[in-house]
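Descriptive structure summary
Chain residues, written in single-letter form:
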Amino acid sequence: MDFSTFLWTSFAAFLTLAIFSFLYKDNPLYKFAEHLFVGVSAGYFVVILFHNGLSPNLLQRLSDGDWYYLWLNSLRPWYIIPGILGILMFSRFSKKWAWVSRYPMAIYIGIAAGVAIPLEMTNRVLRQMVASMTPINWGNFLGSGYLDIASGYSEVIILTGAVSALVYFFFSTPHRGAIGGIAKYGIWILMLGFGATFGFTVMNRISLFANRIQFLWVNWMKNAFNVKGVNPQADTSYMLAFTVVALIFVGYVVWEIMKKFRKAETA
Amino acid sequence: MHKRQLPFILVFIFGAFMAVQYFMPHESSEFIYEFFALDWVPIIGIFALALGIWSLIKVSWDKIKHRRQDWQYSVVLLAGLFTIIFFGFFVKVGEHWEFRFMTSDGLQSYMFRHLFDYIVIPGQATVFSLLAFYIASASYRAFRARNLLATLLLSAALIMMLRFSPIPGLGEYMSKTATWLLNVPNLAAKRAIIIGIGLGMVATAMKVVLGIERGYMGKG
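These figures come from a predicted structure and were not determined experimentally. (Residues numbered from 1 in each chain as written. Chains lettered and ligands numbered in written order. Predicted model: local features only at pLDDT ≥ 70, side-chain atom pairs only at ≥ 80, totals over all residues. Heavy atoms only, no water.)

Let us look at the nonpolar core. Within the largest apolar cluster, 65 residues are counted, with the highest numbers of intra-cluster contacts made by A:Leu58, A:Ile111, B:Phe36, B:Leu81 and B:Phe112. In terms of residue count, helix α2 (residues 28–62) of chain A provides more of this core than any other element does, 14 residues in total. When sequence neighbours within four positions are dropped, the list of residues in contact with B:Phe112 reads A:Tyr44, A:Val47, B:Ile84, B:Phe87, B:Gly88, B:Gly106 and B:Leu107. One finds A:Ile157, A:Ile158, B:Met160 and B:Val184 within the second-largest nonpolar core, a separate group that totals 23 residues. (Core = buried A, V, L, I, M, F, W, Y, C linked by side-chain atoms within 4.5 Å. Buried < 20%, exposed > 50% of the residue type's maximum accessible area, 1.4 Å probe, protein only. Helix = DSSP H or I, 4+ residues; strand = E, 2+ residues; numbered from the N terminus. Contact = heavy atoms within 4.5 Å.)

See below:
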């Protein structure tokens, strides 16, 4: 690990620890890391949107023309229209001209909503319905082995579960009698589904946490500081940088404790 | 008229046309779909996203200008924003910095990549991993077996969390049960939810096209 990589890794470690410090309470180190993260992320998306979005979709299409003629001498001058419509969006910041931004918004929303009607119906509703309406495997109803996914009873649960959960969301009829019974089965299925999703999310977050601890221990401490002799190139300059980061943390903790003591004294 | 009614007429014309053209398998219909939906919409959408960034800059700048509480952090935010934008467009060639507007050379620059790798990636991962602790406290409240429904939720979540447990014998059954839970009841629940979302989106889109839903245009 060279010195510049060490500095970058140390800064990433500092940000990681600063964000984790929120677990104690909201503090200046967390706010610093949070604002830096938001700023750099927003800037990253500006650059990506420009190079991968605006440049190929608009600028490169007009680049065979001349800006002096407002690209009207381009081979595809009509692409100036969505460009102008996009610029008109910025009129939203003026109270007097804010209404102008409704025109690009209207075209955008109109096209997006119009396209969404058949596409959502096809992709979300019809495809899911088609997938549910497969023949039940009666020949292998009990399946082979413990909780067989391909068994007939699993297919029955999928079909009846999906229909019952939809009945639960249907509020135009009171959930009483047979409809009430189906809706009750639907909410059981939904609870099992939510529980599985919740457990999955918890495990996902814990694996992310384990990954951050691994980063701090393996990428930073072990590689950069030669703990257990992993990095023989580590020298005193690394230790100096580590000391600076550690001192900032210790200084902050001491400052917080002193502040608490002062508050207690004045009370 | 031109401030409110005309935009709604435009929404109806574009919306109705784009919905109907889907059912017309003609090359002119496909050309119009590709021209408007695939070419125009992304361009206007990029400007809409730029509007959000501009708003962020404006809010932060106002905070600094009027020295509002915690204005120093807005300086950090703007510094981060402009630094990565600078390195996304300027490339060092020999001793000079060159402004690369039409090529995406900036994306490959050392500083741009390192700002992403060592600030955005660890920041994002840490913020999400922070949620592990808050999810743990939420689990404590949600996972109390007060009735049958809460017990079902608790059981499914516990089985999912124990599926990689190394306990001999138990781990294998937990893993199989978790796989079944994910592929059978969870699939049924997700299927119903996806169908519900789809129907909801179609209904909302129709309300927008027909001018029943008008909130997105704002007041005035």
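Taken together, the contact between chain B and chain A spans 121 residues of the former and 114 residues of the latter. Of the roughly 11,000 Å² buried between chain B and chain A on both sides combined, carbon and sulfur atoms contribute 82%. Scanning the region where chain B abuts chain A turns up 2 salt bridges. Where chain B packs against chain A, one counts 15 residue pairs in polar contact (both at pLDDT 80 or more). Elements that contribute at least two residues to the side of chain B that touches chain A include exactly α1 (5–21), α2 (27–65), α3 (71–89), α4 (110–142), α5 (148–161), α6 (170–183) and α7 (185–209) of chain B. Per-element tally for the side of chain B that touches chain A: the top contributor is α4(B), with 24 residues. (Buried area = accessible area lost by both parts, 1.4 Å probe. Salt bridge = Lys/Arg side-chain N within 4 Å of Asp/Glu carboxyl O. Polar contact = N/O pair within 3.5 Å; in protein donor to acceptor, adjacent residues only side chain to side chain.)

Another aspect to go through is the pairing of strand β1 (residues 90–93) of chain B. Residue and element names in this part refer to chain B. Where β1 meets strand β2 (residues 96–99), 4 bridges bridge the pair, whose relative direction is antiparallel. Bridged to lysine 92 within β2 is tryptophan 97. The turn linking β1 back onto β2 is made up of 2 residues, and glycine 94 within it adopts a positive phi angle of 65°. (Pairing = 2+ DSSP bridges.)

A separate point is the packing of aromatic side chains. All names here are of chain B. Tallied over the entire structure, the rule returns 29 aromatic pairs over all chains. Aromatic side chains phenylalanine 89 and phenylalanine 99 sit 6.3 Å apart centroid to centroid with 45° between the ring planes, which places their arrangement in the tilted category. Of this pair, phenylalanine 89 sits in helix α3 while phenylalanine 99 sits in strand β2, and the two are 10 residues apart along the sequence. Residue phenylalanine 89 is classed as buried on the basis of its relative accessible area of 10%. (Phe/Tyr/Trp six-rings, centres within 6.5 Å; stacked < 30°, edge-to-face > 60°.)

The N-to-C vectors of helix α3 (residues 80–88) of chain A and α2(B) enclose an angle of 25°; their axes lie 8 Å apart at closest approach. As the angle between them shows, α3(A) and α2(B) are arranged roughly parallel. As α3(A) packs across α2(B), the resulting crossing turns out to be right-handed. Along the contact surface, α3(A) presents A:Ile81, A:Pro82, A:Gly83, A:Leu85, A:Gly86 and A:Ile87, while α2(B) presents B:Trp40, B:Ile43, B:Ile44 and B:Phe47. Taken together, the residues that form the contact of α3(A) with α2(B) break down as 8 nonpolar, 2 polar and no charged. (Axes fitted to C-alpha atoms, helices over the stretch in contact; angles between N-to-C directions. Parallel < 35°, antiparallel > 145°, perpendicular 65-115°, else oblique. Left-handed = near helix turned anticlockwise from the far one by under 90°. Nonpolar A, V, L, I, M, F, W, Y, C, P; charged D, E, K, R; others polar.)

Residue and element names in this part refer to chain B. Relative to the 20 Å expected for 14 residues at 1.5 Å per residue, α5 spans 20 Å between its end C-alpha atoms, a close match to the ideal helical length. Residues of α5 that are buried include every one of Ala150, Leu152, Leu153, Leu154, Ala156, Ala157, Ile159 and Met160, and no others. Where α5 starts, the residue carrying a side-chain oxygen 3.3 Å from the main-chain nitrogen of leucine 149 turns out to be asparagine 147. (Expected span 1.5 Å × (residues − 1).)

Residue and element names in this part refer to chain B. A contiguous nonpolar surface patch, about 790 Å² in accessible area, is contributed by Met1, Leu6, Ile9, Phe12, Ile13, Met206, Leu210 and Ile212. Ranked by residues supplied to the nonpolar patch, first place goes to α1 with 4 residues. Turning to its location among the elements, phenylalanine 12 is positioned in helix α1. (Patch = residues over 30% accessible without salt bridge, like charges linked within 9 Å, V, L, I, M, F, W, Y side chains within 5 Å. Areas by Shrake-Rupley, 256 points an atom, 1.4 Å probe, with all protein chains shown as cover.)

A rise of 1.5 Å per residue sets the reference length of α3(B), with its 19 residues, at 27 Å; its end C-alpha atoms lie 28 Å apart and thus fit the reference within 8%. Those residues of α3(B) that sit buried are B:Tyr73, B:Ser74, B:Val76, B:Leu77, B:Leu78, B:Gly80, B:Leu81, B:Ile84, B:Ile85, B:Phe87, B:Gly88 and B:Phe89.

What follows deals with the domain arrangement of chain B. When the parts of a complex come together, some accessible area is lost, and that lost area is often taken as the interface size. Residues and elements named next belong to chain B. Taken domain by domain, chain B comprises domain 1 (1–68) and domain 2 (69–132). Regarding the contact of domain 1 and domain 2, the summed buried area is about 820 Å², with carbon and sulfur atoms giving 77% of it. Among the residues of domain 1 in contact with domain 2, Ile57, Ile64 and Arg68 are the three that bury the most area, contributing 48% of the side total. For the pair domain 1 and domain 2, the number of links is 0 salt bridges. Summed over the shared surface of domain 1 and domain 2, the result is 2 residue pairs in polar contact (both at pLDDT 80 or more). Here the side of domain 1 that touches domain 2 is built from residues that sort into 5 nonpolar, 1 polar and 3 charged. (Domains from an automatic or database assignment.)

Turning our eyes to something else, we now look at the packing of helix α1 (residues 3–20) of chain A against α2(A). All names here are of chain A. Contact geometry of α1 with α2 gives a least axis separation of 8 Å together with a crossing angle of 120°. Taken as axis vectors, α1 and α2 run oblique relative to one another. Crossing hand, α1 versus α2: left-handed. Contacts from Phe11, Phe14, Leu15, Ala18 and Ile19 in α1 reach Leu29, Tyr30, Phe32, Ala33 and Leu36 in α2. Its residues assigned to classes, the contact of α1 with α2 comprises 10 nonpolar, no polar and no charged.

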